Each structure stands twice: as C-alpha cells, then as structure tokens.
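Structural characterization, general
In case you want the letters, here they are:
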Amino acid sequence: MARKTSAKDSSKNDFEKEKSSKGKPGLKGFIIFLRSEKFRRILGFLFIIFALALPVAFTSFLISWEFDQSVVSGLSLSKLFEINPDAAQNWLGIGGAWISHGMIYNGFGVASYVFALLFFLIGVKLFSGTSLLPIGKSFAYSFFGIIWLSILLGSIFKTHFFNAGGSFGYFGYLWIKSMAGNIGVILFLLGYAAIFSIVVFNTDFSFLFLPFNKLMAFRKNKDIVPDILLDETMPAVSTEINPGNVITFTPDSFETEANAFKEGMEESPPFDEEGIDDAEIAGSISLSKKSVKAPKPEFTFEVEDTTQREDEVAEIVEERPRTTAEELVAEFGLYDPTLDLSNYVKPTLDLLSDYPNIKSQVDVKELEEKKNMILDTLKNYNIEIQSIKATIGPTVTLYEIVPAAGVRIAKIKNLEDDIALSLAALGIRIIAPMPGKGTVGIEVPNARPEMVPMKIALMSPKFQSSDMDLPIVLGKTITNEVYVTDLAKMPHLLMAGSTGQGKSVGLNALIVSLLYKKHPAELKFVMVDPKKVELSLYKHIENHFLAKLPGDADAILTDTSLVVNTLKSLCLEMDQRYELLKHAEVRNLKEYNKKFLERRLSPVDGHRFLPYIVLIIDELADLMMTAGKEVELPIARLAQLARAIGIHLVLATQRPSVNIITGTIKANFPARLAFRVISKIDSRTILDSGGADQLIGKGDMLFSTGNDLIRLQCPFVDTPEVERIATFIGQQQGYAHPMHLPENFEGAEKEKESFDPKERDPLFEDAARIIVQMQQGSTSLLQRRMNLGYNRAGRLIDQMEACGIVGPNVGSKARDVLVKDPETLDRMLENMI
C-alpha cells in the first residue's frame, strides 16, 4: 500500500513541477504579441514611414549641409534629445540632419538614397505580406551598386570637404589610387561594372570581340582559298574548295544569293553543331560592298574535301560560348508562365474572419480532476504508474503515463471504456504505446474545445515560408503546432467521415490553402460535386483555377453522367503528359517544367508548361452507386499513374463502406483523413485501424500517411469566407476560358465506319457552315452558336470528319478545318445529296 501512495505522490509532484515551469503570463503575452500579425504590421508601417522620410532628410541635407554639419559634427547622444527647434535647418530637424550626416557625409554619399528603397521594400513586405521586388536580390544588387556609385562619385569629387561619394567613396578612391594609380581606378570601376553586369544580366560581351573574330576568320580563309580575280566593280567572293560539290551563281541571281549568304553570316554563328552541311563547315563567304557594272559572268567554284578541315571545325565549334537555350535565357530570361496574368494578386488574409474567445478554457483545476480520475481508475485495477504528465491541445488533452515495471500494456488498453466512464467523457482514446516514446497516451476531450480559425493557420510561419509544391494546412496537432503537408507527396488523399463531422469544412480548408499559395498558371482544379451545393461557391474562379471539357456548360460537375467523360479525359491528359515527359527525357513534372522554364524545350515541338491538376470529388458514394466500375477504373488508373505528371486526387465520402472505398481505391491512397464515424468497422475501412469512432466531431480528425496516426483539429473556414476569397479572385483579370481538357470521343472510329451521309443530322449543313466560316473545328463552338448539348455537337463534328470537312481529333486543340471557303462547302453538300 505504501508503494502505491508513493507512486501517486510522485506523479503529483511531477505534475506540479510541470505547472510551475510555465512562464509568467506577462512575458508570455509579450512574446505572443511580438509574433502576432499586429506587431508585424506596426513594424512594417514604421519602416515605410522611415523610408519616406529618408529622401526628404537627404535632399534637405544637400541644401543646408554647411550649416547642419557644424551642428551635428560634435553632437552627443544626450544633446540629440534636447529641445532646440532652431538647432538645424534640415526639414526634418536635428534628427534628419544627424541621420543624413551619418549616411551621406560619413557613409556612401548620394548613393545612400538607395537605402530608402530598401527600407520601403521591407516595410511593404512586413505590412502587407507581399513583396514588390525579391528582397534578397534587391539587397544584393543594391549594395553592389552603392559601392560602385560611391567610389565613382568619390573619384569625380576629389575633396573630402563635401564629397558626393561620402567618406566611403572618397577614402576608397584614395586607397585604389595609391595602390594602382588613376588608371587603376578607371580599370577597377570598369571591371566592377562588368562583374555586376555578368552577375545580374548574364552579359557575355561577345560583341566586343566580333570584329576580331571576323578578322581572324578572314585571315584563315585567305590562307586556304585562292584569290579570285574579279572586275573591281564585282563583289569579291572567297570560299573553300570541296571537290565534287559545285556552287553556281548566274548573273541574275548572283546579287540575291550573295546578299542571302551575307545576312546569314551576320545574323547567325558561322557553324552550328546540328544540321551543318559540308559547304557550311568548309568556311565562310565574305562580301565587299561595291557597285555592279557591265554584264556579270557566270562563276563556278569547286570546293575542297571537308574531311581535311575537321580540326578547324572542332576548334571553331568549341569557341561558341553558349547553346541556343542559354542564349534565349540570357536575352529574355527564364520563361515565366505567370506573365499572362502578371497583375494577379493572391488572396489576402484580411478576407478571412477573426474569431474572438476561441482559446481553450482548460484550467489547472480541470487538469487536476481528470488526472486524479485516471489515477483512481488505474488504481482500482491494480495498475501502478511511475509518472504522468499532461499536454493541452485544441480539442483534447493528452495524458502520458509511464507504467511501473511489470505492467502489461494490453491491460491498460482494455480499460478504455472504464476510463471513459469515470471521466464521463465522450471519445476517450488510448494509444498504447506512444510511437517513439516509452509511454502510454490517454486522449481526453476538453470540456470547452478550442476552434482553429483558418486565418490563424495560414498566418503561421510554417505555411508562409513553405516551399512545398502543393502546401495544405490540415489543422493543429495536439501540441498546438500548425500541421502543413504537401499534397504532391501524398500523392492522393482519401477523406471520409459521418455527416456533419467537418468533412466539407476540411475540403474547403484544403482548397483555400492552395488558392493562397498558387498562381492560376500553376494549378487547376477539376471539381465534382454531386450534391450541387458544396463546391458551388468556386464558380467565380472558373476562368482562373478550374479545368473542364470544352463542351461542358459548368466547370463544377454536378451531373453524374458527365463525370465519366471527365475522368476518361483526365486519363487522356495523363497519357499526353507522359508522352511529353518521354520526349523531354525527364521523369516527373517538376523536372519537365524546370527544363521548360530554362527554354530547353520548344513549344514548336508541342511542349508546354504543365500546371498541377487536383481532382476533387466531394461525394464518391453517389458516383459509385450510379456509375460503379465506370468510375472506379479511371480513378484507380489515375491514382496508380498520375503522380509523376502532376495530377492528384482528393476523394471525400460520408459512407466509408467497403463497396464505396474498395480495395482497388484504398491500395492507391496511402494518405487517409478520417473524421468521426459511428463504428469501429468504418474506422478500419478508412484507416485500417480503429480510433475514428472515438473522435468527438466538429473537425476532430485522424490523419494517416501509412505509418502513424496524427490527431488534428481541422481549421474552420466558413461559407462567407470562402465566398469572399472566390469573389476576390473572380473580380481580377482571368483567362478567356477555363483550362480545356482533351476531348474524349470513345467509339468515334466505329461511328465513322457506320456513318451514312444520307442519314446525317438535320442541323449538319448549318453546323458545317459555322465551322467553315469560323475556321475552327471545335465542339464547344457548335454548343455556343447552336445551343446544343455536348453529345449532339460531338456527333456533328464526327460526321463532318467522315465527310472530310474537318480533320481528326488532336487532343485539347481544335480540329483542322479542311474546307477553306463556303463555295467549296456548297459543292460538297450538293454532291452528298
């Protein structure tokens, strides 16, 4: 009995130590304020004010520096705070004079104006969370330029009485002059500027050596090619000899051919590694600009064997500094897919609501009572423990106990219902043992749970600084940390839970997370909403973030019969993307897009920037009941193969039964998200383990990535918040239409074989005239112009293909129109009658 009392006293002491180790409320509150958005905005506002004040103080100092210099030169810190309004003539008083004197006279001179720009960029970043310019690059380039400009001005104004380059520029100039003389100063400034140009603009300065290269090429060719004596009025032509090949210039074509050769020599490198013919490898043709007189005789040149010139060719090819892709990047920079919507602004955090009094109200008394109840229950079953500690989470409190030696873990696990009874609590969950720890966890719901607003979750540094491909916020862990994960690495997510347990809110939180991080050029959604009301708010972002078949009226699919075509279309998009990856010789979307951005893949060859596509199905059960295998097979195929090419699936259902979440689907969805369910069987169907039946609802959920289960509290985002975000995006300039998925005409070949021109659609002639007039073989065009459904418009296009009016299907692009004018179409229609 004494041993049991000792253990209980020991656990109580541990609990008291943990309670006393917490910081003082005042200090904790101050730290929280320093990390808050309010403090960040205040600091940003102060930076902006300071940045606007600096140019005023600097400009005034340049006018009144003679008077103010005598005031601030001997100014001490104590005198700085004395009240003397007439002490300085600077527009910002003695403070402005003191700062200006330090930054201009004792610093970098006029170049100090750049500091105002840097402070302004920092202030805007802190105040609004957006960057006008890249902060890191701006700092690096600015300091690079400040040093150069300061020394340049110091070398021009060669006096320290007042030097526009400041003390740094003046003494820097003197030091360089003492080391290398005045010529050394000039060389230093030129070299410094050249390095800056190479680092920032990737300048190669090859144009400086162009005359020298032409002269060397002329001398090389002169040693090889015999002089051809022409009339002084004729262009002098020199070339290399290659027996067996004869180049003939007739008098009429001589000038044209010569000009063509001349333009080619001026506009392109003399040799290319690919597609070089023998005559080009042999040498170059140089032309002198002279007037032409008299009849021009016909000239025939024999060219010598190029195999004797391999060493020279290799030498010239090695002299070429960059490949074509590198030249394009040097001239235009990396390809930017966001330029089409360059003015697009991502949603701001003020669109989300602030929720007061959301903190959990767990107090010491409640913790103590529940701890004692747990200890008493274990004591009643003769289970001794060494220690117990509590971790307060947003929804539950985790009590970790260390069993005494010899206590079986299974014995504690079997007391789940007894502990729940003693605590009179819903959803007691025992984790025995805790992964990676030598403890047993008992999760007890809080009497007043904490709500996790979406705004607080998105404000977290973990999300703001995330460099994940598809970052999503799933909520807060039991240790009150915001949990951010990458959808691209899941690579697909299965969500399930009973009605009203937070599944739709979790789906909105996932979508909102992506909308706050991605540009419309980088991400597209394919949304399926059989319930017709859950995802309808996102219709405002149709031309920004949604993708659909060209013939669908709405981008958010609510008709189950249209979902099968969309899924098959996504499979076709997947196959097309894999073809692009194969030709690009890369393994995944990230490598492909990197290669495309570096301009190593040409759109002429069919390559394009590939955005991520996220397929969201809000109610899988409805689709499985109505379409069954027609839905299951394309979903399984996408889940198996689509990860590498950037297509990711998010499936949600409120019926986690085995006929809905089949084995084929589960096998390809390692990431599972379970809200509260009714039975242990449903929990095992979702997670392959129990636990979801012990959740308390209202966003309480378990997340599994195939290894451990993580308990989270889903962030709350209300319908008005989603509406504000969608409206904010929808009011901005968008694309002309949603992203078009490839049209899928299954069985088109069979229809073409059985097509009888005499049994064509009654609207065939009208539709054909529209297609020929617009010169666009598109199903969506017929739908808009003739107010037709997708199926009938597709049949009309197939009939036109069978008649030779339009070409075959080419994926997401419009078909080629083979008939170019209405008169030709009329003749074709007459022959069909």
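Our structure's up above, just so we're on the same page.
This report concerns the structure included in the present document. Source: prediction; values computed, not measured. (Residues numbered from 1 in each chain as written. Predicted model: local features only at pLDDT ≥ 70, side-chain atom pairs only at ≥ 80, totals over all residues. Heavy atoms only, no water.)

Here we come to the nonpolar core. Grouped together as the largest cluster of nonpolar side chains are 110 residues, with contacts concentrated most on Leu493, Phe525 and Tyr538. Not counting the four nearest positions on each side in its chain, Tyr538 is found in contact with Asn508, Ile511, Val512, Leu515, Met527, Leu546, Ile556 and Val722. Of all hydrophobic cores here, the second largest spans 22 residues; its members include Phe764, Ala768, Ile770 and Val772. (Core = buried A, V, L, I, M, F, W, Y, C linked by side-chain atoms within 4.5 Å. Buried < 20%, exposed > 50% of the residue type's maximum accessible area, 1.4 Å probe, protein only. Contact = heavy atoms within 4.5 Å.)

Next up on the list: the sheet that holds strand E4 (residues 396-403). On the basis of which strands lie adjacent, the open sheet formed by four strands has the order E3-E4-E6-E5 and antiparallel pairing. Strand pairing shows two members of the sheet lacking a second neighbour, strand E3 (385-392) and strand E5 (429-431), which therefore form its edges. Across the sheet, the mean angle from the axis of one strand to that of its neighbour is 20°, orientation sign disregarded. Bridge count between E3 and E4: seven bridges; the pairing is antiparallel. Looking at the pairing, Lys389 lines up with Glu400 of E4. Where helix H14 (residues 364-380) meets the sheet, its contacts fall on E3, E4 and strand E6 (440-445), and the angle it forms with E4 comes to roughly 40°. (Pairing = 2+ DSSP bridges. Helix = DSSP H or I, 4+ residues; strand = E, 2+ residues; numbered from the N terminus. Axes fitted to C-alpha atoms, helices over the stretch in contact; angles between N-to-C directions.)

Time to look at the pattern of salt bridges. Counted according to the given criterion, the structure contains 26 salt bridges. When the shortest N-O distance is used, the salt bridge between Asp469 and Lys590 registers 3.4 Å. Here Asp469, found in the loop between helix H18 (461-464) and strand E7 (471-476), pairs with Lys590, found in helix H22 (residues 589-597); they are 121 residues apart in sequence, far enough to count as distant. Across the salt bridge formed by Arg711 and Asp700, the nearest N and O atoms sit 2.5 Å from each other. (Salt bridge = Lys/Arg side-chain N within 4 Å of Asp/Glu carboxyl O.)

Moving on to the packing of aromatic side chains. With the rule as written, the count across this model stands at 15 aromatic pairs. Measuring from centroid to centroid gives 6.5 Å for Phe525 and Phe545, while their planes differ by 55°, and the two rings are tilted. Of this pair, Phe525 sits in strand E10 (residues 523-528) while Phe545 is found in helix H20 (residues 542-545), placing the two residues 20 residues apart along the sequence. By relative accessible area, which is 0% here, Phe525 ends up buried. According to the relative accessible area criterion, Phe545 is buried, its value standing at 0%. Aromatic ring contacts, followed pair by pair, group Phe108, Phe115, Phe139, Phe143 and Phe168 into a single cluster. It is Lys517 that lies over the ring of Phe463; its NZ or CZ is 5.4 Å from the centre. (Phe/Tyr/Trp six-rings, centres within 6.5 Å; stacked < 30°, edge-to-face > 60°. Lys NZ or Arg CZ within 6 Å of the ring centre and 35° of its normal.)

Here we come to the environment of Lys532. Its place among the elements puts Lys532 in the loop between E10 and H20. Separated by 26 residues in the primary sequence, Lys532 and Thr558 place their C-alpha atoms 5.4 Å from one another.

On to helix H32 (residues 822-832). Turning to H32, its buried residues number three or more, namely Leu825, Leu829 and Met832. With its buried residues spanning 55° around the axis, H32 presents them on a single face. Within H32, the exposed residues directed more than 90 degrees away from the buried face are Glu830 and Asn831. Residues of H32 that are buried in the fold lie against helix H29 (764-774) and helix H31 (790-803). Of the residues flanking the start of H32, the one acting as N-cap is Asp821, its side-chain oxygen 3.3 Å from the backbone nitrogen of Glu823. (Arc of directions from axis to C-beta. Polar contact = N/O pair within 3.5 Å; in protein donor to acceptor, adjacent residues only side chain to side chain.)

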